[in-house]
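The primary structure of each chain is shown beneath.
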Amino acid sequence: MKIGFIGLGVMGKRMATNVLKGGYELTVSDLNKDSVKDLQQLGAKAAETPAEVAQNSDVVLTSLPNSAIVENVILGKKGILEGAKEGTIIVDLSSITPKSIQNIAKKASQKGVEVLDAPVSGGAAGAEKGTLTIMVGGKNEVFEKVLPVLNCIGTKVNHVGEVGAGDTVKLVNNLLLGANMVAVAEALALGVKAGLKPEILYNIISKSSGSSYALTAKYNNFIAKGNFEPGFMIDLQYKDLQLAVDTSKDLKMPLVMGNLAQQMFEMARAKGLGTEDISAVLKLYEEWGNIEVREEQA
């Protein structure tokens, strides 16, 4: 089985490397030619366009920034569909709206090309180690065909429903992460403003009903140390919340917490914090309360 990979950014480059390590023949393409050269040195072939990647592949994986770019790479001029033969499988690892991937799948089906949406979770570290969680939407028989490839990049590969279901699970997950992160920042700031030490708050809450992944994952290595190197950037969290907001509008479903959380990250971006870790949303509360939520370092 010949594999194509388009999009060699922070996540894509690492995932493509793991596909190579899995023993697959790989053709890659990206606007960043240095990244392409790095993969060539590992044994991949280079292609100039998405269409050329598709011409040389049975399965094409994409890892791209947003819905518009995914649609252009797949449906646009010199895009994947232009070069794909009947029976080709496109697996989009990006995080885009369910509506967008469903539109792509509908157009691809007219050429006999199958589409799966397979957004990933686990960040750059998970992509490096090949331990990502992958949420896959599409036909089960198509999922089974590409499962060995996905096992090269993830240890928890879940088939969750029809096309669009993978992106839906991902945006719901990241909606919760964003809202929980803002709630953690607000609660810690209130406790410190009231005179409590943050380590006392953490030690109790992390073992109580108020605990969450946002608290346990972001307190010790980020907040307590004042280290806001990402992690998962505020800009990316904002983008993922926008996916949830857009989908809620498509479904005419009110999204109260999601919109509030997104506005908090918008304020953080306005303060120049967009490339910092999502835990840096705490800095807004620190400024408002004239406090600092940090542990004293020995």
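Residues numbered from 1 in each chain as written. Predicted model: local features only at pLDDT ≥ 70, side-chain atom pairs only at ≥ 80, totals over all residues. Heavy atoms only, no water.

Student: Looking at this structure, I do not really get the overall build of the protein chain. What am I missing?
Tutor: Looking only at helices and strands, one finds 14 helices and nine strands in the protein chain. Relative to its length of 298 residues, the protein chain is compact, with a C-alpha radius of gyration of 21 Å against a globular reference of 19 Å. Of the contacts made within the protein chain by residues no fewer than 6 positions apart, 65% connect residues no fewer than 24 positions apart. Taken as a whole, the protein chain presents about 14,100 Å² of accessible surface, with 53% of it coming from carbon and sulfur. Distance between charge centroids for the protein chain: 2 Å, based on 31 positive and 33 negative side chains. (Helix = DSSP H or I, 4+ residues; strand = E, 2+ residues; numbered from the N terminus. Rg over C-alpha atoms; globule rule 2.2 N^0.38 Å. Contact = heavy atoms within 4.5 Å. Areas by Shrake-Rupley, 256 points an atom, 1.4 Å probe, with all protein chains shown as cover. Lys, Arg positive; Asp, Glu negative; His and termini not counted. Charge placed at Lys NZ, Arg CZ, Asp CG, Glu CD.)

Student: Which parts of the structure should I look at to understand helix α10 (residues 198-205)?
Tutor: Count 3.6 residues to each turn of an α-helix, and residues three or four apart come out pointing the same way. Listed as buried for α10 are Pro198, Leu201 and Tyr202. Take α10 and look down its axis: the buried residues cluster within an arc of 95 degrees, on one side only. (Buried < 20%, exposed > 50% of the residue type's maximum accessible area, 1.4 Å probe, protein only. Arc of directions from axis to C-beta.)

Student: How should I be thinking about the pattern of salt bridges in this particular structure?
Tutor: It is possible for side chains of opposite charge to pair when their charged atoms get near one another. Scanning all chains against the criterion turns up 14 salt bridges. Here Asp38 ties to Lys13 by a salt bridge, and the two come within 2.5 Å at their closest N and O atoms. Here Asp38 is found in helix α2 (residues 33-41), whereas its partner Lys13 is found in helix α1 (residues 10-21), with 25 residues between them in sequence. Connected through shared salt-bridge partners, Asp235, Glu266 and Arg269 make up one network. (Salt bridge = Lys/Arg side-chain N within 4 Å of Asp/Glu carboxyl O.)

Student: Could you clarify how one ought to interpret the side chain of Asp92 in this entry?
Tutor: Mapped onto the fold, Asp92 is located in strand β5 (residues 89-92). At 9.2 Å, Lys239 is the nearest oppositely charged side chain to Asp92, a buried residue that forms no salt bridge.

Student: Help me out: how do you make sense of the pairing of strand β4 (residues 59-62) in this one?
Tutor: Side-chain direction in a regular strand flips from residue to residue, so the side chains alternate between the two faces of the sheet. Residues Val59 and Leu61 point to one face of β4 and Val60 and Thr62 to the other, with burial holding for every one of them. Relative to β4, strand β1 (residues 2-6) is paired through four bridges, and the arrangement is parallel. Pairing of Phe5 across the sheet is with Leu61, part of β4. Pairing of β4 with β5, which is carried by four bridges, proceeds in the parallel orientation. Within the sheet, the bridge partner assigned to Val60 lies in β5 and is Ile90. (Pairing = 2+ DSSP bridges.)

Student: Just checking my understanding: could you explain the nonpolar core for this structure?
Tutor: The tendency in soluble globular proteins is for nonpolar side chains to be buried as a group. With 39 residues, the main nonpolar core has Met181, Leu188, Ile223, Phe265 and Val281 as its most contacted residues. Only α9 (165-193), α10, α11 (213-223), α12 (234-250), α13 (256-270) and α14 (282-289) provide two or more residues apiece to this core. Beyond its immediate sequence surroundings of up to four residues, Val281 is in contact with Met181, Val182, Ala185, Ile234, Met264 and Phe265. The next biggest cluster of nonpolar side chains, apart from the first, holds 33 residues, and it includes Ile3, Tyr24, Leu26 and Val36. (Core = buried A, V, L, I, M, F, W, Y, C linked by side-chain atoms within 4.5 Å.)

Student: Looking at this structure, how should I read the packing of α1 against α2?
Tutor: Helix-helix packing: each pair is described by the crossing angle between the helix axes and the interaxial distance. Contact geometry for α1 and α2: axes closest at 10 Å, N-to-C directions at 15 degrees. Relative to α2, the element α1 is oriented roughly parallel. Two packed elements cross with a definite hand, and for α1 against α2 that hand is right-handed. For the pair formed by α1 and α2, the contact residues are Lys13, Ala16, Thr17 and Leu20 on the first element and Ser35, Asp38 and Leu39 on the second. (Axes fitted to C-alpha atoms, helices over the stretch in contact; angles between N-to-C directions. Parallel < 35°, antiparallel > 145°, perpendicular 65-115°, else oblique. Left-handed = near helix turned anticlockwise from the far one by under 90°.)

Student: Help me understand a nonpolar patch on the surface, please; the structure alone is not making it clear to me.
Tutor: Together, Val256, Met257 and Leu260 line one region of the surface with nonpolar side chains, adding up to about 330 Å² of accessible area. Judged by relative accessible area, Leu260 falls into the exposed class, the value being 53%. (Patch = residues over 30% accessible without salt bridge, like charges linked within 9 Å, V, L, I, M, F, W, Y side chains within 5 Å.)

Student: Just checking my understanding: could you explain the environment of Tyr24 for this structure?
Tutor: Structurally, the position occupied by Tyr24 is in the loop between α1 and β2 (25-29). Here the alpha-carbon distance between Tyr24 and Val10, two residues 14 residues apart in the chain, equals 21 Å. Each residue touching Tyr24, except ones within four places of it in the same chain, is listed here: Met1, Ile3, Val19, Pro148, Val149 and Cys152.

Student: In this structure, what is going on with the pairing of strand β9 (residues 154-161)? I would like to understand it.
Tutor: Pairing between strand β8 (residues 132-137) and β9: six bridges, direction parallel. Considered in β9, the bridge of Thr133 is made with Lys156. As a crossover connection, the stretch from β8 through helix α8 (residues 140-150) into β9 is right-handed. (Right-handed = clockwise from strand over helix to strand, strands pointing away.)

Student: Can you walk me through unusual backbone geometry in this structure?
Tutor: Glycine aside, a negative phi is what most residues show, and trans is what most peptide bonds show. Cis geometry is found at the peptide bond from Pro230 to Gly231, where omega equals 20 degrees. Inspection of the secondary structure assignment puts Gly231 in the loop between α11 and α12. Phi angles above zero are rare outside glycine, and Lys78 is one such case at about 60 degrees. Residue position: Lys78 is located in the loop between α4 (67-75) and α5 (80-83). Unlike most non-glycine residues, Asn290 shows phi in positive territory, near 55 degrees. Looking at where Asn290 falls in the secondary structure, it is placed in the segment after α14. Assessed through its relative accessible area of 71%, Asn290 is described here as exposed.

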